[in-house]
Amino acid sequence: MPSPSRLFGVAINIPEPFNAELSKWRHELGDPQASAIPPHITLLPPTPIADADLPEVEEHLRAIAEQEQPFDIHLAGAGSFRPVSPVVFVPLAEGASHCAQIEGLVRSGPLDREVQFDYHPHVTVCHDMPEAVLDRAEAELSPYDARFFVWGFSLFEQGPDAVWRPQRDFPFGLPLPGPVTPDPA
């Protein structure tokens with residue numbers, strides 16, 4: 001019998017105060033997913049992972065994070081994927097190439113999978129809403145500007161209530177705890 005699977009994703013968390021700002025925008029625009037999806041930059045879209053495969057996935061992510069270094073992100077302005085997808089987002093003016101490099105590494109090995117769209121790092125602020133709301137979001141967010149330091153990424157899981165929550169953080173450039181080996185001395 002196959003191992004049960006749960007839905008996971010990998011993302012860069014948006015730090016405060018920007019997390020609260022972007023979340024507030026999504027709530028004010030009436031996006032029904034505002035309470036379920038925290039502001040983030042996706043590195044791996046929602047992916048089913050079998051319970052038995054989770055240790056291998058976490059080791060894969062740990063190895064990637066250990067080899068990466070922190071970097072800066074600059075969010076600036078607003079953009080849209082319309083007409084292909086009804087999404088308004090804040091684009092990355094700086095840090096996109098780092099995100100793309102890490103996304104390629106994350107989406108390899110045990111997380112190798114096809115994706116629907118080419119990778120374009122961004123922070124979604126409005127999704128699947130009427131055109132007038134998407135227009136408003138794009139216009140009102142056009143002056144948005146935020147800069148922050150990226151310390152690592154997180155493994156998120158979608159709960160039974162459809163809310164995405166971080167399960168484990170993977171800081172860049174640091175060896176993460178593993179099995180404890182007794183000191184031979």
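Attention here is on the structure that accompanies the text. Small disclaimer: the values here were computed from a predicted structure and weren't measured.

The rules behind these values
- Residues numbered from 1 in each chain as written.
- Predicted model: local features only at pLDDT ≥ 70, side-chain atom pairs only at ≥ 80, totals over all residues.
- Heavy atoms only, no water.
- Pairing = 2+ DSSP bridges.
- Helix = DSSP H or I, 4+ residues; strand = E, 2+ residues; numbered from the N terminus.
- Axes fitted to C-alpha atoms, helices over the stretch in contact; angles between N-to-C directions.
- Contact = heavy atoms within 4.5 Å.
- Phe/Tyr/Trp six-rings, centres within 6.5 Å; stacked < 30°, edge-to-face > 60°.
- Polar contact = N/O pair within 3.5 Å; in protein donor to acceptor, adjacent residues only side chain to side chain.
- Buried < 20%, exposed > 50% of the residue type's maximum accessible area, 1.4 Å probe, protein only.
- Arc of directions from axis to C-beta.

## Side note on the sheet that holds strand β1 (residues 5-13)
Backbone-to-backbone hydrogen bonds pair the strands of a sheet. The strands run either parallel or antiparallel.
Now for step 1: Sheet architecture is open: four strands sit in the order β2-β1-β8-β9, paired in antiparallel fashion. Strands at the two margins of the open sheet, each flanked by one partner only, are β2 (40-50) and β9 (164-171). Taking each pair of neighbouring strands and ignoring which way they run, the sheet shows an average axis angle of 25°.
Now for step 2: In terms of strand pairing, β1 meets strand β8 (residues 152-158) through four bridges, oriented antiparallel. The residue bridging A11 from the neighbouring strand is S154, located in β8.
Now for step 3: Contacting β1, β2, β8 and β9, helix α2 (residues 54-67) runs over the sheet at an angle of about 50° to β9.
Now for step 4: Contacts between helix α3 (residues 96-106) and the sheet are confined to β1, β2 and β8, with β2 contributing the most and set at about 5° to the helix.

## Overview of the packing of aromatic side chains
Now for step 1: The final tally for this structure, using the stated rule, is five aromatic pairs.
Now for step 2: Both rings, one in F153 and one in F172, keep their centres 5.8 Å apart while their planes meet at 65°; by these two values the pair is edge-to-face. Taken together, the positions of F153 in strand β8 and F172 in the segment after β9 put the pair 19 residues apart, joining distant regions of the chain.
Now for step 3: Through a chain of ring-to-ring contacts, three or more aromatic side chains come together here, namely F71, F153, F170 and F172.

## Here we look at the side chain of H40
Now for step 1: Mapped onto the elements, H40 comes out in strand β2.
Now for step 2: A distance of 2.7 Å separates a polar side-chain atom of H40 from the backbone oxygen of P38.
Now for step 3: Not counting residues within four places of it along the chain, the set of residues in contact with H40 comprises A11, I12, I14, H122 and V123.

## Focus on α3
Now for step 1: Regarding α3, the residues found buried are C99, I102, E103 and V106. What you see down the axis of α3 is that its buried residues fit within an arc of 105°, all on one side.
Now for step 2: Tucked into the core, α3 has its buried residues touching β1, β2, α2, β3 (71-76), β5 (87-94) and β8.

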